[in-house]
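Examination of the molecular architecture
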Amino acid sequence: MLNGINGATTKLSVIESKAARALPTGIPQHSISLLVNNRPGVLIRIALVFNRRGYNIESLVVSPAHNGKFSRMNITASGEAKTLEQIIKQLNKLIDVIHAKDHTDEVTVEMELALIKVNSPADKRTEILQIAEHFKSQTVDLSESTLMLQVTGSTEKLDAMELMLDKYGIKEMVRTGKIIMARGAADT
Amino acid sequence: MAHKTCTGAEALIHCIHQHGVEYIFGHPGGAAIPIFDALVDSPIKFILTRHEQGATHMADGMARATGKAGVVLVTSGPGATNTITGIMTAAMDSVPMVVITGQTIQSMLGLDAFQEADVVGISYPAVKHSYLVRNVNDIPRIIKEAFYIAESGRPGPVLIDIPKDVSGALFEPNYNVEIDLPGYTVPSNGDSAAIARCADLLAKAKKPLFLIGHGAVISDASRALKQLVEKLQIPVVNTLLGKGAFPESHELSLGMLGMHGTAYANKAVVDCDLIMSIGSRWDDRICGKYSAFCPNAVKIHVDIDPAEIGKMIKPDCSIVGDAKLVIEELIPLTRKGDTEGWLAQLKKWKKQFPLKYGKQGGLKAQYVLDEIYRLSKGKAIVTTDVGQHQMWAAQFYKTDSRFHWISSGGAGTMGFGMPAAIGAQFARPGAMVIAVVGDGGFQMTLSELATAALNKLPIKILIINNKYLGMVRQWQALFFENRYSGVDLEGNPNFVKLAEAYGMKGFRIKRNADVSKTLAAALAYNDGPCIIEAEVEKEDNVFPMIPAGSAISEMVLEAPKKAMAKPVGST
């Protein structure tokens, strides 16, 4: 019974993760960063630019910038590459956008955080903790039957850990979405 | 600097007046009452329209006749949503406009209050920018920003939604505020290296062509453009909205290009070895099939909007900047190339493929427009709706100067022409303003006849009445085996009697023989607006025509003998 449910969960999360990365379908994924006015309504203006041109926003991180007048946005979105140039230009046209940049092929520091709640019956716990250690993740919660792990790193690293934990049954996973920053003195 | 206490609405109207606004077009309602109250003591003239859409087109017409933002004031809910078509029309054609909408009090926002509509949300994709004013102290800054955004760079509509508790709030306004727009930069001069490269390309071309769009009108580039064209002896084609940037009666002008452009303009586009767009966005009406558009010509693109560069056409050389400033910088760098053979060829085409229409049979719209052009000496401000009459007007009413052609291009909004003429006439009281409209479009906003009559505006409304929605009927005739569907305007009113019902003068033209006489009488009538109803041939078609999505070389010059393939392009 439990196995059955776990099996279903596992299957679902695989489908989910494929859709999120969108790699098998061949639709490319792009990393975009924006510096915007910290005002109501900015997010919807930005979302509309993507929506109108057939782009799906896969992840979105918004936070106040160092100067609280502005916000930083990091968007991962999938869609045709030739449309992206027009999207970036249209984003830059928005009055509330200070600048929008495509970082897809740039060398940047990328970081994402995930919380993963994985089934861990007593007999599997050591095994799971070994995997967790390998990915330098921390245990943030522990129960009779589950473990909650916190992992940070690149999207690829998080994907790899997710794949390794899949067979134990991932009950829930939350990812923050990617944040990016240009290396060196360059502006993001 | 503190000023005496006033309401938000009073500060709002004060700021609008300070900006030099003379007229506001609109319609009142509950949520806007404090603003209407502030108008009572203002020198600004409020023009009450019969529908909010009419108000937006009037503001649009005024803006296109002056280059300054037109201002609209309406109430919340349906009052606000009725402006959407007009806002979209202005956005598509880069027209400066400031639309002020009343809104329900802030504590009721999102609670489905009476006449509450999230107009900021509804209008996002159609505005250049928008504001929901939550703090009365922001009013002076927001008004300053709104006009700056609307009128600078590539102009466009700005919407300001003001909750009634904000417009009614008392405060001590500080009018000495700075705009705060860190995300908004307006390009001015072009990149000098690109301009030098452009000069070089122009000199090398044997068959160069200028493509002039609305951007050249907006930036007031006419003088510089004429100088450039005459120095280099390069022929000019213009878009529908580019009419007036370069005189269409000039010998180097080939008139309008595109779907219903002149044959010689389109032949020039097919044959040129260089095409330089100044302020045009290579719209699908002019390019047809993009993959077949000037495949062998060098393409140069001048535009103030960076997002237009490479959007439809990948240029070989692009310059982001103000058209006038770019041309002025370009002129001294250019040298005249050898274009004589090219000009001789074009002259031949002009003779060989002129715009023409049958002189026999029933009354022809083209003849009426040809005559009104002749009788008004080509000096009138012409506004239009969208459709067959618009294309015929564009073909036969040559435009020689800026602000004299006012037509809904990008949006193709029926019902635009007559209210736009009202706005243009308010802006230019001494000018002759002719609204060329179809019987279909006219009926979409005809309630504004009251506005024209009440204000005794001497606009001349020429209704090209073919009792059909003519352009759609033309498509159904040419591409859908004459299967007419939803295009018969049976039930049209008697337009002359309609004029009389509004206390206006009505004229009717039924026969070729009456055209000159009746038009002359109508043009001489200045005691108020008049309607001239021209009952034209019902099933005439506009030619030349390039089916949507086809290559320009597939232009059709006259009615084809056999059925044509359905067009692949949009609309």
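Note that this is a predicted model, so its numbers are computed, not measured. (Residues numbered from 1 in each chain as written. Chains lettered and ligands numbered in written order. Predicted model: local features only at pLDDT ≥ 70, side-chain atom pairs only at ≥ 80, totals over all residues.)

Describing the overall build of chain B
In terms of helices and strands, chain B carries 23 helices and 20 strands. Rg of the C-alpha trace for chain B: 24 Å, near the compact-globule value of 25 Å for 571 residues, within the 12% margin. Dimensions along the principal axes, computed over C-alpha positions, put chain B at roughly 70 × 60 × 40 Å. With 571 residues in all, chain B has 54% of them scored as buried. Intrachain contacts of chain B at a sequence separation of at least 6 include 78% that bridge at least 24 residues. (Helix = DSSP H or I, 4+ residues; strand = E, 2+ residues; numbered from the N terminus. Rg over C-alpha atoms; globule rule 2.2 N^0.38 Å. Buried ≥ 20, exposed ≤ 12 C-beta atoms within 10 Å, placed from the backbone. Contact = placed C-beta atoms within 7 Å.)

What to know about the sheet that holds strand S13 (residues 298-303) of chain B
Residue and element names in this part refer to chain B. If you walk across this open sheet you meet the six strands as S11-S10-S9-S12-S13-S14, and the pairing is parallel. Looking at strand neighbours, the two that pair on one side only are strand S11 (253-256) and strand S14 (317-320), the edges of this open sheet. The mean inter-strand angle of the sheet, taken between neighbouring strand axes irrespective of direction, is 15 degrees. Looking at chain direction, strand S9 (residues 208-212) and strand S10 (residues 236-238) are connected through three bridges and run parallel. The residue bridging isoleucine 212 from the neighbouring strand is asparagine 238, located in S10. Sitting on the sheet, helix H9 (residues 192-204) is in contact with S9, strand S12 (274-278), S13 and S14, with an inclination near 135 degrees to S14. (Pairing = 2+ DSSP bridges. Axes fitted to C-alpha atoms, helices over the stretch in contact; angles between N-to-C directions.)

Things to note about the pairing of strand S18 (residues 460-465) of chain B
Residues and elements named next belong to chain B. Counting buried positions along S18 yields six of six residues, so the element is predominantly enclosed. Residues Lys460, Leu462 and Ile464 line one face of S18 and the alternating positions Ile461, Ile463 and Asn465 line the opposite face, and both faces are buried. Across five bridges, the pairing between strand S17 (residues 433-438) and S18 is parallel. When the bridges of S18 are listed, glycine 438 appears paired with isoleucine 464.

A word on the pairing of S17 of chain B
Residues and elements named next belong to chain B. A large share of S17 lies buried, amounting to six of its six residues. Side chains of S17 alternate between two faces, with Val433, Ala435 and Val437 and Ile434, Val436 and Gly438 buried alike. Here strand S15 (residues 381-384) pairs with S17 via four bridges, running parallel. Opposite isoleucine 381, over in S17, you have valine 433 as the bridge partner.

Here we look at the interface of chain A and chain B
Interface extent is often summarised as the accessible area lost during association of the parts. The partner chain B presents 13 residues to the 15 residues of chain A that form the contact. Among the secondary structure elements, those contributing two or more residues to the side of chain A that touches chain B are helix H2 (42-52), helix H3 (81-93) and strand S4 (97-102) of chain A. By residue number, the principal contributor to the side of chain A that touches chain B is H3 of chain A, which donates five residues. Taken together, the residues that form the side of chain A that touches chain B break down as five nonpolar, four polar and six charged. (Nonpolar A, V, L, I, M, F, W, Y, C, P; charged D, E, K, R; others polar.)

Quick look at the sheet that holds strand S3 (residues 70-78) of chain A
Residue and element names in this part refer to chain A. Spatially, S2-S3-S1-S4 is the arrangement adopted by the four strands of the open sheet, whose pairing is antiparallel. For this open sheet the edge positions go to strand S2 (56-64) and S4, each flanked by a neighbour on one side alone. Each strand of the sheet is rotated relative to its neighbour by a mean of 15 degrees, with strand direction disregarded. As judged from the eight bridges shared by S2 and S3, these two strands associate in the antiparallel manner. In the strand pairing of S3, leucine 60 is matched with isoleucine 75. Across the sheet, H3 lies against strand S1 (29-37) and S4, angled at about 165 degrees from S4, the strand it touches most.

Brief notes about the domain arrangement of chain B
All names here are of chain B. Examined at the domain level, chain B breaks down into domain 1 (6-171), domain 2 (192-352) and domain 3 (365-539). Taking the mean C-alpha position of each, domain 2 and domain 3 sit 30 Å from one another. For the side of domain 2 that touches domain 3, the per-class residue count stands at six nonpolar, five polar and three charged. (Domains from an automatic or database assignment.)

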